[in-house]
Structures are given as structure tokens and as C-alpha cells.
Amino acid sequence: MGKQPVRMKAVVYALSPFQQKIMPGLWKDLPGKIHHKVSENWISATLLLTPLVGVYTYAFSLFLRSRFFNSYVQAYQEKEKLEHRY
């Protein structure tokens, strides 16, 4: 049995340039869609977000620590300068 060609009809879908209601369907029930995606892929979301949140928290704590440390060092240096004056 050989292969026999099958006639297929090509269907082309086009959107009229006058059609204005394209985007509302994307925003319809957005919280529900987000909840559905997250509940389906919560492991992947956790594996993605945990390192990002951890790095951000670590960097922010270093920033706060450096600000506090710098102010502490400046206060100590100022105190030391004042002690040597008298």
C-alpha cells in the first residue's frame, strides 16, 4: 500500500483591524488565573522565589549593618577626637 495524497483545506484566521475588543479577555479573571498557575506550579515558584528573596534579604541586611556600623565608627572616632582635646 502506497501513500495517497490527502487534500487539505488551508484555513487562515485573521483579525479585522476594526476589531477593538482584543485585550479584555486577557485581563478577565486575572487573580483567578494567577492563583491557578501558582497552585499548579507551586514547587517551581518556590524554587524560583526562595533564592531571590534570600539574596535580597541578605543584601538588605548587609546594607543596614554597614550603615549602622559606619555611624558607630564615626561616633567612636568623634568621641576619640574629643577625648584627646583635653
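Rules used in this analysis
Residues numbered from 1 in each chain as written. Predicted model: local features only at pLDDT ≥ 70, side-chain atom pairs only at ≥ 80, totals over all residues. Heavy atoms only, no water. UniProt positions renumbered as here; feature names shortened; annotations may be inferred. Helix = DSSP H or I, 4+ residues; strand = E, 2+ residues; numbered from the N terminus. Buried < 20%, exposed > 50% of the residue type's maximum accessible area, 1.4 Å probe, protein only.

Describing the UniProt feature "transmembrane region" (unreviewed entry) in the protein chain
And then number 1: Here the UniProt feature "transmembrane region" (unreviewed entry) sits at residues 42-64.
And then number 2: Measuring from the first to the last C-alpha atom of residues 42-64 gives 31 Å, for a span that is 100% helix and 0% strand.

Observations regarding the environment of Pro24
And then number 1: In this structure, Pro24 sits in helix H1 (residues 24-27).
And then number 2: Exposure remark for Pro24: the relative accessible area of 49% places this residue in the partly exposed category.
And then number 3: Sequence spacing of Pro24 and Lys79 is 55 residues, and the spatial spacing of their C-alpha atoms is 65 Å.

Side note on the environment of Phe18
And then number 1: Mapping Phe18 onto the fold places it in the segment before H1.
And then number 2: On the basis of relative accessible area, Phe18 is assigned to the exposed category, the value being 72%.
And then number 3: On a C-alpha basis, the gap between Phe18 and Asn41 in space is 38 Å, while along the polypeptide they are 23 residues apart.

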